[in-house]
Amino acid sequence: MSTERNPKAPLISVRGLEKHFAGGSIKALNGVDADIMRGEVVVVIGPSGSGKSTFLRCLNLLDRPTRGSVIFEGTDITGAGVNINLHRQRMGMVFQHFNLFPHMTLLKNMTIAPVKLKGVPKEEAEREALELLERVGLKDRAYAYPNQLSGGQKQRVAIMRALCMHPDVMLFDEPTSALDPEMVGEVLDVMKNLARSGMTMVVVTHEMGFAREVGDRVMFMDGGRLIEQGTPEEIFTNAQNPRTQSFLSKIL
Amino acid sequence: MKTSVKRALTVSACVLAALCAFAYLVYALFFGAGTLKVAARYRLLAVDKEYVIDEKDAHIGEDGLLYVTGGEYESELSGRGFMYETLRYLPDAKATVLTAHFESEGRYVKLADVSSPSGFTARKGAEDRDGDSLTTQFDLSYKDKKNASQEPVLLTVYAYMGDEAAVLQDGFEPATFTYPQDGSNKAAAKAKISFDGWIKQDGEVTQVLLSSPYESAFICAEFTCPENYDAALLQLHVFETVSRITPGKQLHKLVYQFKLNFLDDSRWEYLLKGLATTLLITLASGCMGVVLGALVAVIRSTWEKNHENMRPGIGKSCLHFADKVCGVYLTVIRGTPVMVQLLIMYLIIFAQASNGTVSAILAFGINSGAYVAEIVRGGIMSIDNGQFEAGASLGFGYPQTMIHIIMPQAFKNILPSLANEFIALLKETSVSGYVAVKDLNKGGDIIRGVTYSPFMPLIAVALIYLAVVMFFTKLVSLLERRLRSSEHRT
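The structure presented is a predicted model; accordingly, all values stated were derived computationally and were not measured.

J.: Could you give an account of the interface of chain B and chain A, naming the residues involved and the relevant values?
T.: Between chain B and chain A, the contact holds 25 residues from the first and 31 residues from the second. Between chain B and chain A lies a buried interface of about 2,400 Å² when both sides are counted; carbon and sulfur atoms form 55% of it. Looking at the side of chain B facing chain A, the largest losses of area belong to Arg311(B), Ser393(B) and Leu394(B), adding up to 26% of the total buried there. On the surface where chain B and chain A come into contact, there are one salt bridge. As a salt-bridge pair, Arg57(A) and Glu389(B) come within 2.5 Å of each other at their nearest N and O atoms. For the side of chain B that touches chain A, the secondary-structure elements that each account for two or more residues are α8 (385–394) and α9 (398–428) of chain B. Counting residues per element, the side of chain B that touches chain A draws most heavily on α8(B), which supplies eight residues. In terms of residue class, the side of chain B that touches chain A is built from six nonpolar, 13 polar and six charged.

Below, the structure written as structure tokens:
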């Protein structure tokens, strides 16, 4: 289990986050405040359209917030003049549809960012990538192309690709939703190991088992707001808000 | 036993038949004696009127020579013109005597002794004047210095008159002359040129040029008309004089045509140099088009994908402006014919420099850029948004994402379209001749202008274009296969 190493300063601090689409007619986020502590595994749950994915994508500014601030390691990254690319190097992200680069081998997928962005020597980056691949049992596929892999294998590689940049936090956007059921387990196992190693993680998922087992904190979102949060214990067995209760009653 | 005899008989009959056919073919191609049929149509080209002279006005005389006598044709000549007539050659004739007969306003024609650069001379013989008619007899002789061929004679006679001679000489190069050999290297013939019924004024022929294409003979005469007209010239244009030489010497004709169009005077160099120019223009403007097109495509797709997500500011305004400029560029270039663009480039923008090749490269480059831009933009837009996001989430900036992640994938998708565009460009450059560029098409044109035979030059030009296009198509399919093997789609 992960532990909170530095509970005083949050790694990411979100204040008054709003995100409007289509010129303001759709409000995906409607004033969210949240803190993510170093080493913490935060699981975000909620019905579809509740804004949980948008919340996650606002953390690394893939969606630029309409209002509000995202403070990452003491810097408000929504501010003008901030080089967001530098901050994104320290925020790994895993997508629902993997988004591996189809024209590169797995090894190249994993090493291109460290080599091009951090100036890591190619040999060193490849050695490290091979180690990571070995951990997830895909070392012998290092020179294969993404389209030769199964969905579960692709997602494991995608996680490793993000890890190659040594991020301070990993964002997971429904990482198992596009997988065949029998492949969900292998991806969750990788994520569990990652959580145990002390990585800070924000996970948007429908896997309640994972939330219960690995999560330090569960956030329930609905209608673009953060409705309720607490330990998995509190949320799953003793939810206070009626909307949380109704959501959980439908899926559990 | 019986069947084998049968089979042997059948086989030998077939072989015999094939041998006979082959022998006949060889005979027909190389040794066949031709008979000439004349079906002539003559056209008198006036300044704005065309005459067709009837077939019945031409006949073969008892001496085996071809005579052409005109019927009566009304002439309303004014200004200036140029007269010549084309007659097909009689394979076994030793000389060709031509009688041209025209009804027109009166002129006076006097022909003088001439000699051609190739050693052909025409000595003026008897002049026979009858009222308005003048017949001048020429003794033609030829000394073959090279002792060359056994080819029969064909004459092309150009008669130039007066001050206009210099002008018209530019348009007609004296061709080489060949003559039958009879064991010696000297030959002589007689030619008679007579003009009837229209000789009134004094004038002077200053030059008669003689030459000999194999298949056709010209008599060209040009007249000044000192008093009634201002330097008026009569033009008689005789063509489509068909001689059917059957069945012999077809191969000869082809060989002669080939020699005439490509080998004589090293005319093939027009095609070779033209091809080099065409390739230069295509490659240079193709490269320019790809660079320009990629730039425009990146600007347009960046704006299209990101403008909703951008913070207002100078960057956004600049991008918006650039996007608008690109939009105008695409609309204008794709909305006007490339030939008009080429002429604008040459006659307006490069009016001072008058450099056709540079104009063509720029015009075709800018034109092709617009089409490439749309192809590349399509390629970029076809890449899943997740690829942009994956690149961004790793920390790549937009340009780096483009270069390392999007473009390699987009390029692979659009390669067939790009290749098509390149091939279309190659063919489009064939209008470069309009701005004084001697490209491949123009090279064929020049040859045609000299030899008057469209078949060989045009077919040759078409075949060269085809060969180049097929070469590039093959090249692209190889490249495509290599790129595809780097992805292993299953």
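J.: Can you explain the confidence of the model for chain A? Please cite residues and give values.
T.: Any segment with low pLDDT has predicted coordinates that should not be analysed in fine detail. Residues at a pLDDT of 70 or more form 97% of chain A, whose mean pLDDT is 88. Note on residues 1–5 of chain A: pLDDT under 50 across the span, and twelve contacts to partners over four residues away in sequence or across chains.

J.: Can you explain the packing of aromatic side chains? Please cite residues and give values.
T.: The geometry of an aromatic ring pair is captured by two quantities: the separation of the ring centres and the angle between the planes. All names here are of chain A. Scanning the model with the defined rule gives five aromatic pairs over all chains in all. Summarising the aromatic geometry, the rings of Phe220 and Phe247 are spaced 5.2 Å apart at their centres and angled 40 degrees between planes, so their arrangement reads as tilted. Of this pair, Phe220 sits in strand β9 (residues 217–222) while Phe247 sits in helix α9 (residues 242–251), and the two are 27 residues apart along the sequence. A relative accessible area of 1% places Phe220 in the buried class. Note on Phe247: relative accessible area 10%, which makes it buried.

J.: Describe helix α11 (residues 455–484) of chain B, listing the residues and the values that go with them.
T.: Between the first and last C-alpha of α11(B) there are 43 Å, a value that for 30 residues agrees with the 44 Å anticipated at 1.5 Å per step. Among all positions of α11(B), only Met456(B), Pro457(B), Ala460(B), Val461(B), Tyr465(B), Val468(B), Val469(B), Phe472(B) and Val476(B) are buried.

J.: Requested: an account of the nonpolar core, with residues and values cited.
T.: Ranked by internal contacts, the top residues of the largest apolar core, which has 53 residues, are Ile12(A), Phe55(A) and Leu59(A). Tallying contributions element by element places α9(B) first for this core, with six residues. In this structure Leu59(A) touches Ile12(A), Val14(A), Ile36(A), Val70(A), Ile77(A), Met91(A), Leu171(A) and Val202(A), once residues within four positions along its chain are discounted. In terms of nonpolar packing, the next biggest core, distinct from the first, is built from 49 residues, Phe98(A), Leu107(A), Ala129(A) and Leu132(A) among them.

J.: How would you explain the sheet that holds strand β1 (residues 10–21) of chain A if you had to name every residue and give the values?
T.: Residues and elements named next belong to chain A. Strands sit in the order β2-β1-β4-β5 across an open sheet of four strands; the sheet is antiparallel. Whereas interior strands pair on both sides, the edge strands pair on one side only; in this sheet they are β2 (26–37) and β5 (75–76). As defined by bridge partners, β1 adjoins β2 across nine bridges and the pair is classed as antiparallel. The residue bridging Val14 from the neighbouring strand is Ala34, located in β2. The strands touched by helix α1 (residues 52–59) are β1, β2 and β4 (67–72); relative to β1, the strand with the most contacts, the crossing angle is about 120 degrees.

J.: Residues and numbers for the pairing of strand β8 (residues 200–204) of chain A, please.
T.: All names here are of chain A. Burial runs high along β8: five of the five residues are buried. Burial of the side chains of β8 extends over both faces: Thr200, Val202 and Val204 are buried on one face and Met201 and Val203 on the other. As paired elements, strand β3 (residues 41–45) and β8 share four bridges and run parallel to each other. Opposite Val44, over in β8, you have Val204 as the bridge partner. Two elements, strand β7 (residues 169–173) and β8, share five bridges in a ladder whose sense is parallel. Bridged to Asp173 within β8 is Val204. Handedness of the crossover is the feature at issue here: the chain leaves β7, passes through helix α6 (residues 181–196), returns alongside β8, and the resulting connection is right-handed.

J.: Quick rundown of helix α4 (residues 122–135) of chain A? Include the residues and the values.
T.: One turn of the α-helix equals 3.6 residues, which is why residues spaced by three or four share an orientation. Residue and element names in this part refer to chain A. Across its 14 residues, α4 extends 20 Å between first and last C-alpha, which sits within 8% of the 20 Å expected from 1.5 Å per residue. Taken together, the buried positions of α4 are Ala125, Ala129, Leu132 and Leu133. All buried residues of α4 fall inside an arc of 100 degrees around its axis, so they share one side. When the buried face of α4 is taken as reference, the exposed residues oriented beyond 90 degrees from it are Glu123 and Arg135. Those residues of α4 that are buried are in contact with α3 (106–118) and α5 (151–163).

J.: Talk me through the packing of helix α4 (residues 268–306) of chain B against α11(B); I want residue IDs and the actual numbers.
T.: Residues and elements named next belong to chain B. Packing of α4 against α11 leaves a shortest axis separation of 12 Å and a crossing angle of 40 degrees. One element, α4, and the other, α11, form an angle in the oblique class. In this structure, the crossing between α4 and α11 has a hand that is right-handed. Taking contact as the criterion, the partners of Leu271, Leu275, Thr278 and Leu279 in α4 are, on α11, Ala460, Val461, Ile464, Tyr465, Val468 and Phe472. Grouping the amino acids of the contact of α4 with α11 by side-chain chemistry returns nine nonpolar, one polar and no charged.

About the thresholds
- Residues numbered from 1 in each chain as written.
- Chains lettered and ligands numbered in written order.
- Predicted model: local features only at pLDDT ≥ 70, side-chain atom pairs only at ≥ 80, totals over all residues.
- Heavy atoms only, no water.
- Contact = heavy atoms within 4.5 Å.
- Buried area = accessible area lost by both parts, 1.4 Å probe.
- Salt bridge = Lys/Arg side-chain N within 4 Å of Asp/Glu carboxyl O.
- Helix = DSSP H or I, 4+ residues; strand = E, 2+ residues; numbered from the N terminus.
- Nonpolar A, V, L, I, M, F, W, Y, C, P; charged D, E, K, R; others polar.
- pLDDT = per-residue confidence, 0-100.
- Phe/Tyr/Trp six-rings, centres within 6.5 Å; stacked < 30°, edge-to-face > 60°.
- Buried < 20%, exposed > 50% of the residue type's maximum accessible area, 1.4 Å probe, protein only.
- Expected span 1.5 Å × (residues − 1).
- Core = buried A, V, L, I, M, F, W, Y, C linked by side-chain atoms within 4.5 Å.
- Pairing = 2+ DSSP bridges.
- Axes fitted to C-alpha atoms, helices over the stretch in contact; angles between N-to-C directions.
- Right-handed = clockwise from strand over helix to strand, strands pointing away.
- Arc of directions from axis to C-beta.
- Parallel < 35°, antiparallel > 145°, perpendicular 65-115°, else oblique.
- Left-handed = near helix turned anticlockwise from the far one by under 90°.

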